[in-house]
Amino acid sequence: MPPVVLLSGAAFVLALLGAWVMQRRSPGEQNDEQTLIDQVDALLPQTQCGQCTFTGCRPYATAMVRGEADINQCPPGGHATAARLARLLERPSKPVDPVFGDPLAPPLVAYILEELCIGCARCLPACPVDAILGAARFTHTVIAADCTGCKLCIAPCPVDCIEMRPVVHLAAPH
Amino acid sequence: MEVTIATGRQRGVRLIGAAQRSAASAPSAASAPPQLALSLALPDGSSLVPVVRIGEYVRLGQVVAWSPDCEGTPLHASVSGQVSAIELRDAIGMSARMPAIVIDNDGRDERDPGLIPVADYTLRSAEELLARIEAGGIVGLGGAAFPTHLKLAPTPSTPVETLVINGVECEPGIQCDDMLMRYRAESMLFGAQVMLHIVGAGRCVIAIEADKPEAIAATRTAVKAAGDARLSVAIVPTYYPAGGERQLIEFLFGTQVPAGGLPRDVGVVCQNVGTAAAIATLIRTGEPLVSRLVTVTGLGVAFPRTLEVRLGTPLSHLIEECGGYTPDITRLIAGGMMMGVALPHDALAVAKTTHCVIAATAADLVPRGPAMPCIRCGDCAEACPSHLLPQELYRHAVEEDDAGLARFGITDCIECGCCDAVCPSQLPLVSVFGAARRQLQVNTVTTERRDLARQRFNAHTQRLAVEQAERQRRLKERRPAGRKDE
Amino acid sequence: MLLVLAMLVPAAAADVFWFGPGLPIQIVIASLSALLAESVMLALRREPLQPSLGDGSALVTAALLAFALPPLAPWWVAACGSAFAIVFAKHLFGGLGRNLFNPAMAGFALLLLTFPAEMSRWSMPIVVASHHLGFTDTLTTIFTGVPPVAWDAISSATPLDAVHSGLKTGATLQEVLARTSTAHSASIWSSLGILLGGLGLLGLRIIRWPSPVSMLAAVVVSAGLLNAIDPGTYPGVLFHLTSGATLLGAFFIACDPVTTAASHRGRLWFGAGVGLLTVVIRSWTAYPDGIAFAVLIMNLFVPLIDRLTVPRIYGHAR
């Protein structure tokens, strides 16, 4: 009798200890769909460029989690992101499909040639991250630090005054 | 060369067979080469701005480049002659080519007339001396090249009690500190006294490794001769990385420098012996930092020795001064056996950070077998001077788990190479950690940018929705109620 | 790894001297089975055979398992245990360096649970056995499962078995110990062999002191305490140290770097847990020896121990 009590008691205490550690490690972690979408979204580059055919990174993440899109549709993320998505979603790993865009393209930012800009304001709503500063009949400019390089502002411009330039202030570790 | 884990209180490794191959003769001055290239690169990857023009005649000791944002100290011409080019050149330890000032040596060593000694430093204020040291281009000569005037600058909140003069070679096999203490101990002590005057510390400890009896004897004699009660000599056991500033402080005083803090936080300022000697030269002769001691060693060079070398001297010239290469040279390394970097060619020039050049043969290098799986033996943790768990770091680095890397202290890794050297599975731990640390920094910035982009995108989408709703409401208002369209 | 094998030689010699040539045969069987399992698993995992096959880790697993088996156990016992250890405990967890459980002990535990009869037929020490099995006889016994004479003539209980079952029959501890004294002296010699090898491992810095020291200390303290409380039921410290697999566990099993904790402090906790659980299992459960289960249970706690014993990094406050 005593050994049974002793061992059960010990097991109980250890179980409590284990539970406490797990609790400390991940307070209230739920593995529901929204959490998974958040995790997938965190892996995406947030360029909001729409090259994946969805309207932004989060819609694409949602589609992936629901099985409506494949993991290889994000060219700005490159092959590394595709591999991480495959691992997270436990799907077969594959490189980015070039149909969606060039996964090896260097990061770019939009630049407005101000002498050509006529201040039409058409590019303003096109920018998914509101990184273009300007108003009707005033010259516009791009806030380079906020530009994700999605190229969505180029099409609406009637005078072709926006060009893509390589990133110069690449995330320098400070 | 053989590596074993250091036993005792200190964490690190002992290197057996990394013998001092450079001869024990007094360091002689290397001849000045016909052409020098003074690299403007700073350790953080930025560079100095030249203040001379191509074709201009410069004198020995004249400022040729300076740092407008005070990130670095000025650079001086190490010979007299004509500036023949200012161009991009390979620099030691830099992945990109960096600007350099090329000077054609006229061989006359004409001194800049502006170089004036300080007659009696005790009459000068700390600020004035610090300004002198800054103008003299003096940086830490132990290898890190941190500007000395910044390290000595007074901070009222953390008074300095002890000045440590670090005579512990950063890596086994390097001999410039040893040679300096053997033959220029008096000069070094004078520099130490100047620094004591500046920081107002009450005592100065000169730390020397136990396996350098000549240096210990010479320094003790000089201390006695100086008759300064503030100076004392401390013997440090021979292990690597005893010469690391934080490791040395832990050994000497039993206290650890807080993470992210400075030695000052525990009342200590640490300076290399070479820096002390350079300050002495500056105060006594007015000559700025234009040369330094460089150990040339390895089986790949005919007569290994420690030389006084002008900054900007090409390594090829330095090797020639030492009798040239032996036939079995396989690799040229700048720095020591543990942390040195392999060099692409020998046209690179000596900089303020260059303390050692190793012309290595196969016998100098530790042979590396193929990497095997980690068996968690824990030898790396036993050797780690930062008290990290390299086996855990490695696991998280392979899994690209940034949170895990941060939790196990990747940012506290000093990349000394001890774990790597003792790993029985021959894992390339240090290079993995270095890459992981840089990647972690990049990832942190990237994540910030991504979070910002996500926020702005959400705000943008919301704003468009609100505008859309507003437009529709207005449209409805404009139409009289009850009337159908069309 | 090969040095670990070399350090097992003194113990093996003592074993052969007392119990006949069964152990070397078991080692060969277990090793062949382990190497075969290792090759098959490497092939299935599409990994190159070398250097994994040649690193000796499979041989160490096999040898440690063989040490834990009765010398006359049928060949398929060793083969099964060894294969299970390599396939399930090692490769399915990701191969060398990634296994959670000590492979040899996992294999042993499986055998103990599946083949209790074969696993309890321990050889009688040669000096007291009425019949002495030579090399050929031993080989035949192992491969046919039928000894040339009755099992009773050549097998006997181990000291731990004797104490375990003897106490249930109502005999006093002293009587039981007297009855099993020859078997115990054989066990002492084996233990001395293990101790010699273990000290060799420590001297060569292949293993570190924390795990064996804390495990033996835990055995000494807990066994000593029990013995002090009730000397009639619980055997003394020396008996615990020299019988069963106590020393083998301390020097060769609890020290397995892969399945023990990472830091010195963690290893102290791990060893202490193994020692304590060993005495608990020996004293109060249905099993006479408890090393295997103690090690496996503590293996489960290694991630927790590692989490709680991360060393203080230089310059950081606790």
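Note that the structure is predicted; figures quoted are calculated from it, not measured. (Residues numbered from 1 in each chain as written. Chains lettered and ligands numbered in written order. Predicted model: local features only at pLDDT ≥ 70, side-chain atom pairs only at ≥ 80, totals over all residues.)

### Considerations on the overall build of chain B
(1) Moving on: Counting its regular elements, chain B contains 12 helices and 19 strands.
(2) Moving on: Considering only C-alpha atoms, chain B reaches an extent of 110 × 60 × 50 Å along its principal axes.
(3) Moving on: Taken across its 486 residues, chain B has 49% of its residues classed as buried. (Helix = DSSP H or I, 4+ residues; strand = E, 2+ residues; numbered from the N terminus. Buried ≥ 20, exposed ≤ 12 C-beta atoms within 10 Å, placed from the backbone.)

### Re the overall build of chain C
(1) Moving on: Across its full length, chain C carries 17 helices and 0 strands.
(2) Moving on: Overall, the C-alpha framework of chain C stretches about 65 × 50 × 35 Å when taken along its three principal axes.
(3) Moving on: The buried share of chain C, taken over its 318 residues, is 51%.
(4) Moving on: A separation of at least 24 residues holds for 74% of the contacts in chain C among residues at least 6 apart in sequence. (Contact = placed C-beta atoms within 7 Å.)

### Concerning helix H6 (residues 273-285) of chain B
All names here are of chain B.
(1) Moving on: The end-to-end C-alpha separation of H6 is 18 Å, in line with the 18 Å expected for 13 residues at 1.5 Å each.
(2) Moving on: Of all 13 residues in H6, 11 are buried, a share of seventy percent or more.
(3) Moving on: Every buried residue belonging to H6 is among Val273, Gly274, Thr275, Ala276, Ala277, Ala278, Ile279, Ala280, Thr281, Leu282 and Ile283, and all of these are buried.
(4) Moving on: Elements that come into contact with the buried residues of H6 comprise helix H1 (126-135), helix H2 (148-152), strand S11 (162-166), helix H3 (176-199), strand S14 (268-272) and strand S15 (291-297).
(5) Moving on: Two residues or fewer past H6, Gly286 is found with a positive phi of approximately 85°. (Expected span 1.5 Å × (residues − 1).)

### Overview of helix H5 (residues 75-90) of chain C
Residue and element names in this part refer to chain C.
(1) Moving on: With 16 residues, H5 extends 22 Å from end C-alpha to end C-alpha; this agrees with the ideal 22 Å at 1.5 Å per step.
(2) Moving on: When we look at burial in H5, the residues that qualify are Trp75, Val77, Ala78, Gly81, Ser82, Ala83, Phe84, Ala85, Ile86, Ala89 and Lys90.
(3) Moving on: For H5, the elements touching its buried residues are helix H3 (22-44), helix H4 (57-68), helix H6 (103-114), helix H7 (116-119) and helix H8 (135-144).

### Some points on the interface of chain C and chain B
(1) Moving on: On the side of chain B, 23 residues touch chain C, which itself brings 17 residues to the contact.
(2) Moving on: Partitioning the side of chain C that touches chain B into residue classes produces 9 nonpolar, 5 polar and 3 charged. (Nonpolar A, V, L, I, M, F, W, Y, C, P; charged D, E, K, R; others polar.)

### Some points on the nonpolar core
(1) Moving on: One finds Leu163, Met188 and Leu318 of chain B to be the most contacted residues of the largest nonpolar core, which totals 225 residues.
(2) Moving on: Each of two domains, domain 1 (1-156) and domain 2 (158-318) of chain C, supplies a minimum of three residues to this core.
(3) Moving on: In this view, Met188 of chain B contacts Ile165, Leu180, Met181, Val273, Ala276, Ala277 and Ala280 of chain B; residues no more than four positions away in its chain are not counted.
(4) Moving on: Ranked by size, the runner-up nonpolar core spans 17 residues in total, among them Ala110, Ala131, Val142 and Cys153 of chain A. (Core = buried A, V, L, I, M, F, W, Y, C linked by C-beta atoms within 7 Å. Domains from an automatic or database assignment.)

### Examining the sheet that holds strand S4 (residues 35-39) of chain B
(1) Moving on: Taken together, the 4 strands give an open sheet; going across it, the order is S4-S10-S9-S6 (chain B), and neighbouring strands pair in antiparallel fashion. Of all the strands in the sheet, just S4 and strand S6 (57-58) of chain B have a single pairing partner and so form its edges. (Pairing = 2+ DSSP bridges.)

### Some words on the sheet that holds strand S16 (residues 305-310) of chain B
Residues and elements named next belong to chain B.
(1) Moving on: Spatial ordering of the open sheet is given by S3-S16-S15-S19-S17-S18, a layout of 6 strands whose pairing is mixed. Looking along the sheet, the strands with just one partner apiece sit at the ends: strand S3 (28-29) and strand S18 (341-342).
(2) Moving on: The sheet contact formed by S15 and S16 spans 6 bridges and is antiparallel. Pairing of Val296 across the sheet is with Arg305, part of S16.
(3) Moving on: Across the sheet, H3 touches S15 and S16, and the angle it forms with S15 is around 120°. (Axes fitted to C-alpha atoms, helices over the stretch in contact; angles between N-to-C directions.)

### Section: the domain arrangement of chain C
Residue and element names in this part refer to chain C.
(1) Moving on: Taken domain by domain, chain C comprises domain 1 (1-156) and domain 2 (158-318).
(2) Moving on: In terms of residues, the side of domain 1 that touches domain 2 owes the most to one element, helix H2 (residues 9-19), which gives 7 residues.
(3) Moving on: Of the residues contributing to the side of domain 1 that touches domain 2, the split by class is 25 nonpolar, 4 polar and 1 charged.

### Overview of unusual backbone geometry
All names here are of chain B.
(1) Moving on: A cis amide bond, omega 0°, links Tyr240 with the succeeding residue Pro241.
(2) Moving on: Inspection of the secondary structure puts Pro241 in the loop between strand S13 (231-236) and helix H5 (245-253).
(3) Moving on: At Asp109, a residue that is not glycine, the phi angle is positive and equals roughly 50°.
(4) Moving on: A tally of 15 C-beta atoms within 10 Å means that Asp109 is categorised as partly exposed.
(5) Moving on: Its identity as a non-glycine residue notwithstanding, Glu415 has a phi of 55°, on the positive side.

### Notes on the environment of Arg84 of chain A
Residues and elements named next belong to chain A.
(1) Moving on: With respect to the helices and strands, the residue Arg84 is situated in helix H4 (residues 78-89).
(2) Moving on: Given 18 C-beta atoms within a 10 Å radius, Arg84 is considered partly exposed.
(3) Moving on: Between the C-alpha atom of Arg84 and that of Leu44, which follows or precedes it by 40 residues, the distance is 9.7 Å.

### Some thoughts on the pairing of S4 of chain B
All names here are of chain B.
(1) Moving on: A large share of S4 lies buried, amounting to 4 of its 5 residues.
(2) Moving on: Here S4 pairs with strand S10 (residues 98-105) via 5 bridges, running antiparallel. Counted as the bridge partner of Gln35 is Asp104 from S10.

### Description of the packing of helix H2 (residues 33-43) of chain A against helix H3 (residues 57-65) of chain A
Residues and elements named next belong to chain A.
(1) Moving on: Between H2 and H3, whose axes approach to 9 Å, the crossing angle comes to 125°. Taken as axis vectors, H2 and H3 run oblique relative to one another. In the packing of H2 onto H3, the handedness of the crossing is right-handed. Of the residues in H3, those touching H2 at Glu33, Leu36, Ile37, Val40 and Asp41 are Cys57, Arg58, Ala61, Thr62, Met64 and Val65.
(2) Moving on: In terms of residue class, the contact of H2 with H3 is made up of 7 nonpolar, 1 polar and 3 charged. (Parallel < 35°, antiparallel > 145°, perpendicular 65-115°, else oblique. Left-handed = near helix turned anticlockwise from the far one by under 90°.)

### Examining the packing of H5 of chain C against H6 of chain C
Residues and elements named next belong to chain C.
(1) Moving on: Where H5 contacts H6, the two axes come as close as 8 Å, and the packing angle between them is 130°. With respect to each other, H5 and H6 are oriented oblique. In the packing of H5 onto H6, the handedness of the crossing is right-handed. Contacts from Val77, Cys80, Gly81, Ser82, Phe84, Ala85, Ile86, Phe88, Ala89 and Lys90 in H5 reach Pro103, Ala104, Ala106, Gly107, Phe108, Leu110 and Leu111 in H6.

### Digging into the environment of Ile29 of chain C
Residues and elements named next belong to chain C.
(1) Moving on: Secondary-structure assignment places Ile29 in helix H3.
(2) Moving on: Note on Ile29: 24 C-beta atoms within 10 Å, which makes it buried.
(3) Moving on: Ile29 sits 49 residues away from Ala78 along the chain, and the two C-alpha atoms are 6.5 Å apart.
(4) Moving on: Discounting residues that sit within four places of it in the chain, Ile29 has contacts with Trp75, Ala78 and Ala79.

### Describing the environment of Leu202 of chain C
Residue and element names in this part refer to chain C.
(1) Moving on: On the secondary structure map, Leu202 appears in helix H12 (residues 181-203).
(2) Moving on: C-alpha separation for the pair Leu202 and Phe251, spaced 49 residues apart in sequence, amounts to 8.6 Å.
(3) Moving on: Setting aside anything within four residues of it in sequence, one finds Leu202 in contact with Ile207 and Trp209.

### Considerations on the pairing of S15 of chain B
All names here are of chain B.
(1) Moving on: Counted residue by residue, S15 has 7 buried out of 7 residues, so it is predominantly covered.
(2) Moving on: By the alternation rule, side chains of S15 split into Ser291, Leu293, Thr295 and Thr297 and Arg292, Val294 and Val296, which are all buried.
(3) Moving on: Alignment of S15 against strand S19 (residues 356-360), held across 3 bridges, turns out to be parallel. Bridge assignment links Thr295 to a residue of S19, and that residue is Cys356.

### Considering the confidence of the model for chain C
Should pLDDT be low for a region, the predicted coordinates there are not to be read in detail.
Residues and elements named next belong to chain C.
(1) Moving on: Confidence in the prediction of chain C, expressed as mean pLDDT, is 89, and 99% of residues score 70 or more.
(2) Moving on: Mean pLDDT across the elements of chain C ranges from a minimum in helix H9 (residues 151-154), with 79, to a maximum in helix H13 (residues 210-229), with 94.
(3) Moving on: Listed scores for the predicted complex are pTM 0.80 and ipTM 0.83. (pLDDT = per-residue confidence, 0-100.)

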